[in-house]
Amino acid sequence: QVQLVESGGGLVQAGGSLRLSCAASSKRPFSSYAMGWFRQAPGKEREFVSAINWSGGSTDYADSVKGRFTISRDNAKNTVYLGMDSLKPEDTAVYYCAASRGVSLYSTAGSYQYWGQGTQVTVSS
């Protein structure tokens, strides 16, 4: 079992930046899990944003955020981060952190067994 708690969301103007954090607690080492970020805008399905493998050596991004968002992890702190730059109004959504018992990269929600409660990101134009 993994408990995930996101933080760092908020209201920002277009072009601004935010950094989301996701703190994990588990009996297994944090490095046992691949991690991902997803988001869900009102009236839309949850969509993949970014993923990182167990070591942080491999990452993946949705085309819509590539070049603007950066995923990273600190296994010593049991935390995964999502740096978001050049934010756009269409980035407005609830952002969810997710953990997978696998160690590779996963872009589908079904590959993740554990989810946080989400943090709201609102980008004003």
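Keep in mind the model is a prediction, meaning the values are calculated, not measured.

**Observations concerning the side chain of Thr 79**
Inference 1: Examined against the element boundaries, Thr 79 turns out to sit in strand E8 (residues 79-84).
Inference 2: Side-chain polar atoms of Thr 79 contact the backbone oxygen of Lys 77, separated by 2.8 Å.
Inference 3: Excluding residues within four positions of it along the chain, Thr 79 makes contact with Ser 21, Cys 22, Ala 23, Phe 30, Arg 73 and Asp 74.

**Remarks on the sheet that holds strand E7 (residues 69-74)**
Inference 1: Spatial strand order, E1-E3-E8-E7: four strands in an open sheet with antiparallel pairing. Strands with a single pairing partner mark the edges of an open sheet, and in this sheet they are strand E1 (2-7) and E7. Between one strand axis and the next, the sheet turns through 15° on average, direction left out of account.
Inference 2: Bridging between E7 and E8 involves six bridges; their strand directions are antiparallel. Its bridge partner being in E8, Thr 70 is matched across the sheet by Gly 83.

**Describing the pattern of salt bridges**
Inference 1: All told, the structure shown has four salt bridges when counted by the stated rule.
Inference 2: The closest approach of N and O atoms between Lys 66 and Asp 63, which form a salt bridge, is 3.2 Å.
Inference 3: Across the salt bridge formed by Asp 91 and Arg 68, the nearest N and O atoms sit 2.8 Å from each other. Residue Asp 91 is found in the loop between E8 and strand E9 (93-100), and its partner Arg 68 is found in the loop between strand E6 (59-61) and E7; the two are separated by 23 residues along the sequence.
Inference 4: Arg 68 sits in the buried class, given a relative accessible area of 10%.
Inference 5: Three or more residues joined by partner-sharing salt bridges are found here, namely Arg 39, Glu 47, Arg 68 and Asp 91.

What counts and how
Residues numbered from 1 in each chain as written. Predicted model: local features only at pLDDT ≥ 70, side-chain atom pairs only at ≥ 80, totals over all residues. Heavy atoms only, no water. Helix = DSSP H or I, 4+ residues; strand = E, 2+ residues; numbered from the N terminus. Polar contact = N/O pair within 3.5 Å; in protein donor to acceptor, adjacent residues only side chain to side chain. Contact = heavy atoms within 4.5 Å. Pairing = 2+ DSSP bridges. Axes fitted to C-alpha atoms, helices over the stretch in contact; angles between N-to-C directions. Salt bridge = Lys/Arg side-chain N within 4 Å of Asp/Glu carboxyl O. Buried < 20%, exposed > 50% of the residue type's maximum accessible area, 1.4 Å probe, protein only.

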